[in-house]
Amino acid sequence: MTYHDVGRFDARADTYDNPALQRFFGAVHRATLEFATAGSPPRTILDVGAGTGELLALVHARFPDAVLSGVDPAVRMLVRAREKSFPATLSVGSVESLPYPGGQFDLVLSTMSFHHWTDPARGLAEIHRVLAPGGTAVVAEHLTRGWLRIACRLLPRRNRTENIAEVVALARNAGLDFAAQATVFRLAGLPFVTALRLRKPENA
């Protein structure tokens, strides 16, 4: 995430949880969490781009015994997250340099932060590093195709990698296997946010 992006999110921290905005993010969070945790319950979970902690609050409600961590480069966003009543270790940092030892997490989540990553290839490599063998990562984003890909090209975007096949290729180069994909939010009945489920091989 660029300095400009961090400053913008810090400036919006006190209003980021407004109901109109969170209706969209809440729907994405709920659907992504359902998609991410279809198997056995994860014990250790990291939210990359944790923001004000809304996704982590949902995760805690669903998995109250899980050990939660969140990372975000915007300090003010994490200040807001720390005011909420869920237990989590919240750290200032970026996906390109995650402040955790290798093999720590069963599940890594990223919702609507991928397009802010400065280096998607490096970010996915870092997610691979911090995942436990056999662990799962889920990236939910405007990963586009067809008409939506054309429409998104008209908007200012920091990350040019927005095609599903391109993200899957980057993930595989980082050592992550593609497991599944799902639409987690629709706009006017059409796919708008896609989640990719990625796995770190058991022998990695």
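Residues numbered from 1 in each chain as written. Predicted model: local features only at pLDDT ≥ 70, side-chain atom pairs only at ≥ 80, totals over all residues. Heavy atoms only, no water.

Undergrad: Is there a simple way to explain the sheet that holds strand E4 (residues 105–111) in this structure?
TA: Strands sit in the order E3-E2-E1-E4-E5-E7-E6 across an open sheet of 7 strands; the sheet is mixed. At either end of the open sheet lies a strand with only one pairing partner, and these are strand E3 (89–92) and strand E6 (177–187). In this sheet, adjacent strand axes meet at a mean angle of 15 degrees when their direction is disregarded. Sheet contacts for helix H2 (residues 19–36): E4, strand E5 (131–141), E6 and strand E7 (190–199); angle to E6, the most-contacted strand, approximately 150 degrees. In this fold helix H3 (residues 54–62) packs onto strand E1 (44–48), strand E2 (67–72), E3 and E4, with an angle of close to 170 degrees to the strand it touches most, E2. (Pairing = 2+ DSSP bridges. Helix = DSSP H or I, 4+ residues; strand = E, 2+ residues; numbered from the N terminus. Axes fitted to C-alpha atoms, helices over the stretch in contact; angles between N-to-C directions. Contact = heavy atoms within 4.5 Å.)

Undergrad: Is there a simple way to think about the pattern of salt bridges in this case?
TA: If the charged atoms of two oppositely charged side chains come close together, the side chains can form a pair. Going through the model one piece at a time under the given rule, you end up with 10 salt bridges. One salt bridge connects Asp-106 with Arg-43, and the closest N-O pair in it is separated by 3.3 Å. Remark: Arg-43 occurs in the loop between H2 and E1 and Asp-106 occurs in strand E4; sequence separation between them is 63 residues. Judged by relative accessible area, Asp-106 falls into the buried class, the value being 19%. (Salt bridge = Lys/Arg side-chain N within 4 Å of Asp/Glu carboxyl O. Buried < 20%, exposed > 50% of the residue type's maximum accessible area, 1.4 Å probe, protein only.)

Undergrad: Which parts of the structure should I look at to understand the side chain of His-142?
TA: Inspection of the secondary structure assignment puts His-142 in the loop between E5 and helix H6 (146–153). For His-142, a relative accessible area of 12% gives the class buried. For His-142, the side chain forms a polar contact with the main-chain oxygen of Phe-192, separated by 3.1 Å. (Polar contact = N/O pair within 3.5 Å; in protein donor to acceptor, adjacent residues only side chain to side chain.)

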